[in-house]
Amino acid sequence: MSSTKMMAFVLLLAGALALAYGGFTYTKDTHDADIGPIHLSVDEKERVNIPVWAGIGAIVLGGVLLTVGFKRS
């Protein structure tokens, strides 16, 4: 499989996931404190939203790369 086709499949998958989930979350450590034997920490959940146009653009670009990849073969 050529690198163009592989990149096309990755873009198609990423675009589909972006449309399905709309973003992703991650946990960020913000504060840590050690007071004697007690350990305190604060974790904040952050959400990154992926715009719909970015998901559609990834799908379209993946489709174009896939078409170009098959025409070359």
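Remember, predicted model here, so these are calculated numbers, not experimental data.

1. Overview of a nonpolar patch on the surface
Part 1 of the argument: A surface patch of nonpolar side chains, amounting to about 490 Å² of accessible area, comprises Leu19, Val52, Ile56, Val60, Val64 and Val68.
Part 2 of the argument: For the nonpolar patch, the element with the highest residue contribution is helix 2 (residues 52-72), accounting for five residues.
Part 3 of the argument: As for its placement among the helices and strands, valine 60 is situated in helix 2.

2. Examining a negative patch on the surface
Part 1 of the argument: Judged by side-chain charge, Asp29, Asp32, Asp34, Asp43 and Glu44 come together as a negatively charged surface patch.
Part 2 of the argument: Of all the elements in the fold, those that place two or more residues in the negative patch are strand 1 (23-35) and strand 2 (38-49).
Part 3 of the argument: For the negative patch, the element with the most residues is strand 1, which contributes three residues.
Part 4 of the argument: Structurally, the position occupied by glutamate 44 is in strand 2.
Part 5 of the argument: Owing to a relative accessible area of 34%, glutamate 44 belongs among the partly exposed residues under this scheme.

3. Some remarks on the confidence of the model for the protein
Part 1 of the argument: The share of residues in the protein with pLDDT of 70 or more is 95%, and the mean pLDDT across the chain is 88.
Part 2 of the argument: Mean pLDDT across the secondary structure elements of the protein bottoms out at strand 1, with 86, and peaks at helix 1 (residues 3-21), with 91.

4. Considering helix 1
Part 1 of the argument: Spanning 19 residues, helix 1 covers 27 Å between terminal C-alpha atoms, matching the ideal 27 Å at 1.5 Å per step.
Part 2 of the argument: Those residues of helix 1 that fall on the buried side of the exposure criterion are Lys5, Ala8, Leu11, Gly15 and Ala18. The arc enclosing the buried residues of helix 1, seen along the axis, measures out at 155 degrees, which places them on a common side. Exposed and facing more than 90 degrees away from the buried side of helix 1 are Ser3, Leu13, Ala20 and Tyr21.

5. Side note on the pairing of strand 1
Part 1 of the argument: Pairing analysis gives 12 bridges linking strand 1 to strand 2, with the strands arranged antiparallel. Residue threonine 25 lies in a different strand from strand 2, and its bridge partner there is arginine 47.
Part 2 of the argument: Hairpin geometry of strand 1 and strand 2 is characterised by an intervening segment of two residues between the two adjacent antiparallel strands and by a positive phi of about 65 degrees at glycine 36.

About the criteria used
- Residues numbered from 1 in each chain as written.
- Predicted model: local features only at pLDDT ≥ 70, side-chain atom pairs only at ≥ 80, totals over all residues.
- Heavy atoms only, no water.
- Patch = residues over 30% accessible without salt bridge, like charges linked within 9 Å, V, L, I, M, F, W, Y side chains within 5 Å.
- Areas by Shrake-Rupley, 256 points an atom, 1.4 Å probe, with all protein chains shown as cover.
- Salt bridge = Lys/Arg side-chain N within 4 Å of Asp/Glu carboxyl O.
- Helix = DSSP H or I, 4+ residues; strand = E, 2+ residues; numbered from the N terminus.
- Lys, Arg positive; Asp, Glu negative; His and termini not counted.
- Charge placed at Lys NZ, Arg CZ, Asp CG, Glu CD.
- Buried < 20%, exposed > 50% of the residue type's maximum accessible area, 1.4 Å probe, protein only.
- pLDDT = per-residue confidence, 0-100.
- Expected span 1.5 Å × (residues − 1).
- Arc of directions from axis to C-beta.
- Pairing = 2+ DSSP bridges.

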